[in-house]
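# Examination of the molecular architecture
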Amino acid sequence: MRDDGPRLPTSPGFWRSPLRGTWFTSVLGLVLLVGVTVLFVTGLVSYAAYNPDLAPVNDQTPDKGLLGFYLFSWPTNPPWLYRLTQGLHVTLGITLIPVLLAKLWSVVPKLFALPPARSLAHALERISLLLLVGGGLFEFTTGVLNIQLDYVFPGSFYPLHFYGAWVFFAAFLAHAALKTPKALRAVRERRRGEDGQASPGPDEGGPASPRPDAPTVDRRGALWFVGGASLLLFLTTAGQSIGGALRRTALLAPHGWADPGGGPNGFQINKTAAYAGVGTKQTAAETWRLVVTAPGGRTVRLTRAELLRLPQHSAALPIACVEGWSTADQWWRGVRLRDLAALVGYDGDPPDVLVESLQLHGAFRRAALRADQVADPRSLLALRVNGEDLSPDHGYPARVIVPAAPGVLNTKWVARMTFGEL
Ligand code: HEM
């Protein structure tokens, strides 16, 4: 009768896969060392791009305290900046999922090892591993749910994902500090082994099984498999950010392959006018007026026809959504934001502005823009796009478009603009 050996996962002999081992885990760990660091930095950048310290309306994580130490005034150049950073954040996040799962699989035996703590240092390391594994799974899960428009989290995505990121990355840094030297040594030794210069020693303290089953694939083959899965996820996600003909390959992205229709307004949208509760009654020429005001100062009410009679300017700018998808540059035409500021008395450098929308539903019915964003000559209250009036779903009668700003700050169906100290 075949001896199946230990039955409890607490015993190393319970884990029979011949693939586990320090080298296998180290290669995955080193890939995550670079990948997760880029994810954390691009994530922090995503939060900074909201200019959350400009006004409470832009800040979905107001209680962040010291965790906002790094915030800076988000630039308007290069105009594709947020398209790049957020496209990278989401695409890399998806692409790394097979690596993260393979890494967790490769060390599972260690999570069950007894005793749970051999010393205080070992106990602290194990607690950091729980924060690492828990934080990592939490970050990747909330991220994926968010871009799949599946808002099933226990609360708002922003603070959950933001605080989760700090917990995960702090545990990740501790783990990397402890393990990177060993991981580099393991990779170097293997390479020397392959060059026949020295054979790697036994997997002392590593996750290798003491009684492995017969191999069906070797560790290198298994890594190719993980790499192949990552490549597949990359190829079915990146198209939503790169755009053009590749957009149709973004099979996993809700906004990626959906056909936006042809013509000048035929490019991706996030929220439709119907979803936002904006109807023709509110946008009709008889009823709609843009209110431009400055606290304690002048107020002007403009019809769309009057806006079209003001000096018109054009700018080629993309829409870059926080969910990672983006459009190619579109030709927007309308009134410069700084010219609207001048209408209410700001002839010199324009101030910050609070923009309010007609929309009834959805986040960011109000958004604030910093003075440098208002001053940028490409920052427009767009009335037309690609030579045609904006469609209702792209924000007719008028929408804001600012270079390098996250999509949510380019307010659609604009009703009111308040220039001045926010
Ligand atoms: C599959 C993996 C991931 C996906 C799909 C993802 C997706 C996203 C999305 C869509 C946002 C923007 C949210 C918004 O502004 O509406 C975001 C923000 C962010 N992500 Fe991720 N993320 C992933 C993994 C991670 C990981 C592993 C970290 C940390 C190491 C991280 C850190 C952040 C941070 C700090 C923010 C800013 C949050 C904020 O604006 O309040 N993300 N992520």
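Residues numbered from 1 in each chain as written. Predicted model: local features only at pLDDT ≥ 70, side-chain atom pairs only at ≥ 80, totals over all residues. Heavy atoms only, no water.

## A closer look at the coordination of the iron atom of the ligand
Taken together, the protein donors to the iron atom of the ligand comprise His89 (NE2) and His161 (NE2), at separations of 2.0 to 2.1 Å. Viewed at the metal, the six donor atoms of the iron atom of the ligand are separated by angles of 86 to 180°, and the geometry they form is octahedral. In this pair, His89 sits in helix 2 (residues 81–112) while His161 sits in helix 4 (residues 157–194), placing the two residues 72 residues apart along the sequence. The two residues His89 and His161 agree in class, both being buried. (Donors = N, O, S within 2.8 Å, 3.2 Å for Na, K, Ca; no water. Tetrahedral: all angles 85-135°; square planar, octahedral: opposite > 155°, others 65-115°. Helix = DSSP H or I, 4+ residues; strand = E, 2+ residues; numbered from the N terminus. Buried < 20%, exposed > 50% of the residue type's maximum accessible area, 1.4 Å probe, protein only.)

## Describing a nonpolar patch on the surface
Side chains of Leu120, Leu124, Ile127, Leu131 and Val167 sit close together on the surface and give an oily, nonpolar patch of about 490 Å² of accessible area. A total of four residues in the nonpolar patch trace back to one element, the largest contributor, which is helix 3 (residues 120–147). Tracing the backbone through its elements, the reader meets Leu131 in helix 3. With relative accessibility at 44%, the residue Leu131 sits in the partly exposed group. (Patch = residues over 30% accessible without salt bridge, like charges linked within 9 Å, V, L, I, M, F, W, Y side chains within 5 Å. Areas by Shrake-Rupley, 256 points an atom, 1.4 Å probe, with all protein chains shown as cover. Salt bridge = Lys/Arg side-chain N within 4 Å of Asp/Glu carboxyl O.)

## Some points on the sheet that holds strand 10 (residues 414–419)
Strand order in the open sheet formed by five strands is 2-1-10-5-6, with mixed pairing between adjacent strands. If you trace the sheet from one side to the other, it starts and ends with strand 2 (299–302) and strand 6 (366–369), each paired once. Going from strand to strand, the sheet's axes swing by 15° on average, the running direction of each strand aside. Inspection of the sheet shows strand 5 (residues 353–357) paired to strand 6 by four bridges, in the antiparallel sense. (Pairing = 2+ DSSP bridges. Axes fitted to C-alpha atoms, helices over the stretch in contact; angles between N-to-C directions.)

## Side note on the pairing of strand 10
Burial analysis of strand 10 places five of its six residues in the buried class, the great majority of the element. Relative to strand 10, strand 1 (residues 290–293) is paired through three bridges, and the arrangement is parallel. Across the sheet, Val291 pairs through a bridge with Arg416, a residue of strand 10. Sheet topology places strand 5 next to strand 10; five bridges connect them, and they run antiparallel. Residue pairing across strands places Val355 opposite Met417, the latter belonging to strand 10.

## Some words on the packing of helix 1 (residues 22–48) against helix 5 (residues 219–235)
Orientation of helix 1 relative to helix 5, taken along the N-to-C sense of each, is 25°, at an axis distance of 10 Å. Considered as vectors, helix 1 and helix 5 are oriented roughly parallel to each other. Note that helix 1 runs across helix 5; the crossing there is right-handed. Across from Trp23, Phe24, Val27 and Leu28 in helix 1, the residues of helix 5 making contact are Arg219, Arg220, Ala222, Leu223 and Val226. Its residues assigned to classes, the contact of helix 1 with helix 5 shows seven nonpolar, no polar and two charged. (Parallel < 35°, antiparallel > 145°, perpendicular 65-115°, else oblique. Left-handed = near helix turned anticlockwise from the far one by under 90°. Contact = heavy atoms within 4.5 Å. Nonpolar A, V, L, I, M, F, W, Y, C, P; charged D, E, K, R; others polar.)

## Regarding helix 5
If you check helix 5, its first and last C-alpha atoms are 24 Å apart, about what 17 residues at 1.5 Å a residue would give, namely 24 Å. Among all positions of helix 5, only Ala222, Leu223, Val226 and Ser230 are buried. The buried residues of helix 5 occupy an angular sector of 100° when projected down its axis, which confines them to one face. Relative to its buried face, helix 5 has exposed residues pointing more than 90 degrees away, namely Trp224, Phe225 and Leu232. Packed against the buried residues of helix 5 are helix 1 and helix 2. (Expected span 1.5 Å × (residues − 1). Arc of directions from axis to C-beta.)

## Considerations on the domain arrangement of the protein
One can read the domain layout of the protein as domain 1 (12–249) and domain 2 (273–419). Taken together, the 31 residues of domain 1 in the interface contact 29 residues of domain 2. Summed over both sides, the interface of domain 1 with domain 2 buries roughly 2,400 Å², with 54% coming from carbon and sulfur. Across the domain 1-domain 2 interface, the total number found is one salt bridge. Of the charged contacts in the structure, one is a salt bridge between Arg370 and Asp53, with a shortest N-O distance of 3.1 Å. (Domains from an automatic or database assignment. Buried area = accessible area lost by both parts, 1.4 Å probe.)

## A closer look at the side chain of Thr236
Tracing the backbone shows Thr236 in the loop between helix 5 and helix 6 (239–242). Those residues in contact with Thr236 that sit more than four places away from it in its chain are Thr249, Ala250, Leu251, Leu252 and Ala253.

## Focus on the packing of helix 1 against helix 2
Running from amino to carboxyl end, helix 1 crosses helix 2 at an angle of 150°, the nearest separation of the two axes being 8 Å. Here helix 2 runs roughly antiparallel to helix 1, going by the angle between their axes. Crossing of helix 1 over helix 2 shows left-handed handedness. Taken together, the residues of the contact of helix 1 with helix 2 sort by class into 17 nonpolar, eleven polar and one charged.

## Quick look at the site of the ligand
The local shell around the ligand holds 26 residues, among which Gly43, Tyr50, His89, Phe157 and His161 are the closest. Taking Tyr50, its side chain carries an N or O atom lying 2.5 Å from an oxygen atom of the ligand. Between the ligand and His89 there is a distance of 2.9 Å, counted from a nitrogen atom to a side-chain nitrogen or oxygen. Among the secondary structure elements, those contributing two or more residues to the shell around the ligand are helix 1, helix 2, helix 3 and helix 4. Split into classes, the residues belonging to the shell around the ligand amount to 15 nonpolar, nine polar and two charged. (Near = heavy atom within 4 Å. Polar contact = N/O pair within 3.5 Å; in protein donor to acceptor, adjacent residues only side chain to side chain.)

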